[in-house]
Amino acid sequence: MYLELSHLNKRFEDREVVKDLSFGLERGELLCILGSSGCGKTTTLNMIGGFLRPDGGQILLDGEDITDLPPERRPVTTVFQSYGLFPHMTVLQNVTYGLKFQGCPRAEARKKGLRYLEMVGLKDYAAARIHEISGGEQQRVALARALIVEPKLCLLDEPFSNLDAALRVKMRRELKTLQRDLDMTMVFVTHDQEEAMILSDHMAIMREGRLIQYDRPMEIYHHPADAFVARFLGVKDLIWEPDGRLLKVIRDGGAE
Ligand SMILES: Nc1ncnc2c1ncn2[C@@H]1O[C@H](COP(=O)(O)OP(=O)(O)OP(=O)(O)O)[C@@H](O)[C@H]1O
Ligand SMILES: [Mg+2]
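Below is a short write-up of the structure.

Cut-off values and rules
- Residues numbered from 1 in each chain as written.
- Chains lettered and ligands numbered in written order.
- Predicted model: local features only at pLDDT ≥ 70, side-chain atom pairs only at ≥ 80, totals over all residues.
- Heavy atoms only, no water.
- Buried < 20%, exposed > 50% of the residue type's maximum accessible area, 1.4 Å probe, protein only.
- Helix = DSSP H or I, 4+ residues; strand = E, 2+ residues; numbered from the N terminus.
- Pairing = 2+ DSSP bridges.
- Donors = N, O, S within 2.8 Å, 3.2 Å for Na, K, Ca; no water.
- Near = heavy atom within 4 Å.
- Polar contact = N/O pair within 3.5 Å; in protein donor to acceptor, adjacent residues only side chain to side chain.
- Areas by Shrake-Rupley, 256 points an atom, 1.4 Å probe, with all protein chains shown as cover.
- Nonpolar A, V, L, I, M, F, W, Y, C, P; charged D, E, K, R; others polar.
- Expected span 1.5 Å × (residues − 1).
- Contact = heavy atoms within 4.5 Å.
- Phe/Tyr/Trp six-rings, centres within 6.5 Å; stacked < 30°, edge-to-face > 60°.
- Lys NZ or Arg CZ within 6 Å of the ring centre and 35° of its normal.
- Axes fitted to C-alpha atoms, helices over the stretch in contact; angles between N-to-C directions.

## Focus on the pairing of strand S6 (residues 76-79)
Piece 1. Neither face of S6 is exposed, since Val-76 and Thr-78 on one face and Thr-77 and Val-79 on the opposite face are all buried.
Piece 2. The sheet contact formed by S6 and strand S7 (residues 153-157) spans four bridges and is parallel. When the bridges of S7 are listed, Val-76 appears paired with Leu-153.

## Brief notes about the coordination of the magnesium ion (ligand 2)
Piece 1. On the protein side, the magnesium ion (ligand 2) has Thr-42 (OG1) and Gln-81 (OE1) as donor atoms, found 2.0 to 2.5 Å from it. Taken together, the residues span a long stretch of sequence, with Thr-42 in helix H1 (residues 41-49) and Gln-81 in the loop between S6 and helix H2 (91-96) at a distance of 39 residues.
Piece 2. Under the relative-accessibility criterion, Thr-42 is labelled partly exposed at 28%.

## Quick word on the site of ligand 1
Piece 1. Lining the immediate surroundings of ligand 1 are 14 residues, of which Arg-15, Ser-37, Lys-41, Thr-42 and Thr-43 lie closest.
Piece 2. Here Thr-43 contributes a side-chain N or O atom positioned 2.6 Å from an oxygen atom of ligand 1.
Piece 3. Surface burial for ligand 1 is 63%, taken as the share of its 640 Å² of free accessible area covered by protein chains.
Piece 4. Of all the elements in the fold, those that place two or more residues in the shell around ligand 1 are strand S2 (15-25) and H1.
Piece 5. No other element matches H1, which puts three residues into the shell around ligand 1.
Piece 6. Of the residues that constitute the shell around ligand 1, the class distribution is three nonpolar, eight polar and three charged.

## A look at helix H4 (residues 135-147)
Piece 1. With 13 residues, H4 should cover 18 Å at 1.5 Å per step; its first-to-last C-alpha distance of 19 Å lies within 8% of that length.
Piece 2. Most of H4 sits inside the fold, with 12 of its 13 residues counted as buried.
Piece 3. Where H4 is concerned, the buried positions are Gly-136, Glu-137, Gln-138, Gln-139, Arg-140, Val-141, Ala-142, Leu-143, Ala-144, Arg-145, Ala-146 and Leu-147.
Piece 4. For H4, the secondary structure elements touched by its buried residues are S6, H2, helix H3 (106-119), S7, helix H5 (165-181) and strand S8 (185-190).

## Quick notes on the packing of aromatic side chains
Piece 1. Counting across every chain of the model gives six aromatic pairs.
Piece 2. Plain terms: the ring middles of Phe-23 and Tyr-214 are 6.2 Å apart, the flat faces sit at 15° to each other, and that makes the pair stacked. Highlighted residues: Phe-23 in strand S2 and Tyr-214 in strand S10 (residues 210-215), separated in sequence by 191 residues.
Piece 3. Judged by relative accessible area, which is 24%, Tyr-214 ranks as partly exposed.
Piece 4. With centroids separated by 5.8 Å and ring planes inclined at 20°, the aromatic side chains of Phe-228 and Phe-232 adopt a geometry described as stacked. Highlighted residues: Phe-228 and Phe-232, both in helix H8 (residues 227-232), separated by four residues, approximately one helical turn.
Piece 5. Every member of this aromatic cluster is reached through a ring pair, and the members are Phe-86, Tyr-97 and Phe-101.
Piece 6. We note Arg-145 situated over the ring of Phe-86; from NZ or CZ to the ring centre the distance is 5.0 Å.
Piece 7. A cation sits over an aromatic face here: Arg-207 above Phe-228, 4.4 Å from the ring centre.

## Describing the pairing of strand S4 (residues 56-61)
Piece 1. In the sheet, strand S1 (residues 3-12) pairs with S4 via five bridges, with the strands oriented antiparallel. Residue pairing for S4: Asn-9 is matched across the bridge by Gly-56.
Piece 2. Where S4 lies against strand S5 (residues 64-65), two bridges are found, and the strand directions are antiparallel. Along S5, the bridge assignment pairs Leu-60 with Asp-65.
Piece 3. Between S4 and S5, which follow one another and run antiparallel, lie two residues, and Asp-62 among them has a positive phi close to 50°.

## Some words on the sheet that holds S2
Within a sheet, each strand pairs with its neighbour through backbone hydrogen bonds, oriented either parallel or antiparallel.
Piece 1. Spatial strand order, S2-S1-S4-S5: four strands in an open sheet with antiparallel pairing. Both outer strands of the open sheet, S2 and S5, are each paired with one neighbouring strand and no more.
Piece 2. Of the strands in this sheet, S1, S2 and S4 touch H1, which is tilted by about 120° from S1.

## Details of the side chain of Ser-200
Piece 1. Looking at the secondary structure, you find Ser-200 in the loop between helix H6 (193-199) and strand S9 (202-207).
Piece 2. We classify Ser-200 as buried; its relative accessible area is 8%.
Piece 3. A polar contact is formed between the side chain of Ser-200 and the backbone oxygen of Ala-196, at a distance of 2.4 Å.
Piece 4. Among residues more than four places away in sequence, those in contact with Ser-200 are Leu-30, Cys-32 and Pro-217.

Laid out in structure tokens, this is it:
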């Protein structure tokens, strides 16, 4: 396993929000963490990124225990749910920010920045200030800023939540292509089942701080662990055997 979380716990005051969470992913894989609002997805991502310290458990990256490393010492970038852009810089300056620390010459950084801006459909906005662009545009700037440094591990917290349906589809495609081309490992948080099904190599489904199911998307779709997972994936009805086993899954589309 390239990234391995084992028995992670996190509490805020008396409330346990992540409970004995364990899962992992291989290098070059995209894992989606799927679950309803408040189930602990962002908290989990923040522990992987080093922005929150777990109360218990361990995080291994490429065999190294990174549980206590500060964020800047982890080979990880994060696209935050709240973007975290630099308001005093232009769009292009935001995108190329991380390249400075990689010793990338200015002209090259500019060229690469424009290429990433083109990928997210914002090439014409390079000189704009952050407050001059919309929420969905800011979200795409945050995405370009994280991907441009080609991190070993990229954490994305609902990176398409502010985009309309058409743009979402386009960005999904771009992200998947880039991830494959650069062999990047990604942890992608979403509460959109369809997005998770399309993007992921593996899916981790969480509820109330716990891992409910971890598997390949099609496995989960065809063999949901319980009624909660089935309903969450858009399953309309379940038919049970008298002994309590799941017999049949009726989907929203009608057929099995
Ligand atoms: N800093 C904090 N202090 C106290 N409680 C917190 C803090 N951060 C998160 N929580 C609580 O922990 C729980 C999990 O929060 P988290 O942000 O991880 O949820 P999420 O799955 O990302 O939800 P969403 O889909 O709405 O983004 C929530 O009930 C939240 O209120
Ligand atoms: Mg969240």
